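Tertiary structure, described
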Amino acid sequence: MALETVRVSVPAWSMRVMLGSLALVSGLVAQPSHARGVSRRPVAEVLVTASSGRVIFANLPDAPRRPASLTKMMTLYLLFDALDSGRVRISESIPVSHRAARQPASRLGLTAGTSLPLRTAIQAMAVHSANDVSVAIAERLAGSERDFAGLMNAKARELGMTRTSFANATGLTDTGNQTTARDMATLARALLRDHAREYRVFATRSITWRSRRYANHDHLLGKVGGVDGIKTGYTLDAGYNIATSAKRGGVRVIAVVLGEKSVQARDVRVANLVELGFTPPARHRRGAF
């Protein structure tokens, strides 16, 4: 079900919460703070309750943006659907085509003609955002990445993601990839609702593949209370994206930020949104839906 539209102003108390938590979260990232050529469109963001989809805070929630690797949330959603229906088995291995093996970073560096255990494939997409693995999964489920994109778009319509289109399984730059912060929050809620058991993979801190350790790109894990995923993303045309969920005391919120100018700015912004979501006046605030 799509999130309902609500006009939300930012009261003074919420700005104090956001500014007050800045010092707490500003040391989250130790990476370069800016990438030349990154998208300079205004940041789009939304904060909702996971249970009802009630909007706590929103800024440009319906503005068109590129999803980047948040696309893999849908790739994994469809894979989890296939596991639930028995069309694939967790014990199987996924063949790697030449096309999959040629995908650019982030990647595992798979070799064409080999195969990858499905359980490892799931972890590699959720934790390392591996593009070669994502294409291999798309080909396993639909025969080709193009046909898989059709399945992605059909599912997006079914979930109520009315402003989203997918052109590939990875989120790599393509003019056919478009979404909104509101639609990504809708997808996040669907993952939590429909695939709660599999959702746990998004909290994985790191994986090891062929003796190499890959850390999760989500820097909020272990640093912001209650955060257990979901997905980060970056391309030059998208900027720095993140969809985050956190749970405290039986309350769960979802925050989405699209198009930040740096990793650090993205992480600070979404961490502040999470804190806002657990501030009592925000938690119980009612809006007109």
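Structure first, text after, so check above.
Definitions and limits used
- Residues numbered from 1 in each chain as written.
- Predicted model: local features only at pLDDT ≥ 70, side-chain atom pairs only at ≥ 80, totals over all residues.
- Heavy atoms only, no water.
- Core = buried A, V, L, I, M, F, W, Y, C linked by side-chain atoms within 4.5 Å.
- Buried < 20%, exposed > 50% of the residue type's maximum accessible area, 1.4 Å probe, protein only.
- Helix = DSSP H or I, 4+ residues; strand = E, 2+ residues; numbered from the N terminus.
- Contact = heavy atoms within 4.5 Å.
- Pairing = 2+ DSSP bridges.
- Axes fitted to C-alpha atoms, helices over the stretch in contact; angles between N-to-C directions.
- 1 Å grid on protein atoms, 1.4 Å probe; cavity = no way out; pocket = protein on both sides within 12 Å on 5 of 7 lines; lining within 4 Å.
- Points joined across faces, edges and corners; volume = space filled by probe spheres on them.
- Nonpolar A, V, L, I, M, F, W, Y, C, P; charged D, E, K, R; others polar.
- Parallel < 35°, antiparallel > 145°, perpendicular 65-115°, else oblique.
- Salt bridge = Lys/Arg side-chain N within 4 Å of Asp/Glu carboxyl O.

1. A short note on the nonpolar core
One finds Met-74 and Val-133 to be the most contacted residues of the largest nonpolar core, which totals 64 residues. Among the elements that line this core, the one with the most residues is helix α2 (residues 71-85), at nine residues. Beyond its immediate sequence surroundings of up to four residues, Met-74 is in contact with Met-152, Lys-155, Ala-156, Leu-159, Met-161, Phe-166 and Leu-187. Within the second largest apolar cluster, 20 residues are counted, among which are Leu-220, Ala-271, Leu-273 and Phe-278.

2. Observations regarding the sheet that holds strand β8 (residues 239-248)
Ordered in space as β2-β1-β9-β8-β7, the five strands form an open sheet in which the pairing is antiparallel. For this open sheet the edge positions go to β2 (55-59) and β7 (227-235), each flanked by a neighbour on one side alone. Taken pair by pair, the neighbouring strands of this sheet meet at an average axis angle of 5°, ignoring direction. Across eight bridges, the pairing between β8 and strand β9 (residues 251-260) is antiparallel. Along β9, the bridge assignment pairs Lys-247 with Arg-252.

3. What to know about the pairing of strand β1 (residues 44-49)
With six of six residues buried, β1 is to be regarded as a mostly interior element. By the alternation rule, side chains of β1 split into Ala-44, Val-46 and Val-48 and Glu-45, Leu-47 and Thr-49, which are all buried. Across six bridges, β1 lies against β9 in antiparallel orientation. Each bridged residue has a counterpart across the sheet, and for Glu-45 the counterpart in β9 is Val-257. Pairing analysis gives four bridges linking β1 to β2, with the strands arranged antiparallel. Directly across from Val-48, in β2, lies its bridge partner Val-55.

4. Concerning the layout of surface pockets
Quantified by volume, the second largest pocket comes out at close to 250 Å³. What lines the second largest pocket is Phe-80, Leu-83, Ile-90, Arg-119, Ile-122, Gln-123, Arg-197, Glu-198, Arg-200 and Val-201. Taken together, the elements giving at least two residues each to the lining of the second largest pocket come down to α2, α4 (118-128) and α8 (196-199). Per-element tally for the lining of the second largest pocket: the top contributor is α4, with three residues. For the lining of the second largest pocket, the residue count by class is five nonpolar, one polar and four charged.

5. Brief notes about the packing of helix α5 (residues 131-142) against helix α6 (residues 145-159)
Packed helix pairs are specified by the crossing angle of their axes together with the interaxial distance, meaning the distance between the axes. Running from N to C, α5 and α6 point in directions that differ by 80°, and their axes come no closer than 8 Å. Taken together, the axes of α5 and α6 are roughly perpendicular relative to one another. Side by side, α5 and α6 meet where Val-135, Ala-138, Glu-139, Leu-141 and Ala-142 of the first sit next to Glu-145, Asp-147, Phe-148 and Leu-151 of the second. Among the residues making up the contact of α5 with α6, the classes are represented as six nonpolar, no polar and three charged.

6. Focus on empty space enclosed by the protein
Per the counting criterion, the structure on display carries three cavities of 30 Å³ or more. In this structure, the second largest cavity occupies an estimated 40 Å³ of space. Looking at the lining of the second largest cavity residue by residue, the class counts come to four nonpolar, four polar and three charged.

7. Let's talk about the side chain of Thr-49
Mapped onto the fold, Thr-49 is located in strand β1. Apart from residues lying up to four places away in sequence, Thr-49 is in contact with Arg-54, Ile-56, Arg-189, Arg-252 and Val-253.

8. Notes on the pattern of salt bridges
According to the stated counting rule, one finds 15 salt bridges in the structure shown. A salt bridge links Arg-140 to Glu-92; the shortest N-O distance between them is 2.8 Å. Linking Arg-140 in helix α5 with Glu-92 in the loop between α2 and β3 (93-95), this pair joins segments that are 48 residues apart in sequence. The shortest N-O distance in the salt bridge between Arg-252 and Asp-228 comes to 2.9 Å. Of the two residues, Arg-252 is situated in strand β9 and Asp-228 in strand β7; the sequence distance between them amounts to 24 residues. Just as Arg-252 is buried, Asp-228 falls in that class too. What emerges from the salt-bridge pattern is a single network uniting Glu-45, Glu-260 and Arg-269.

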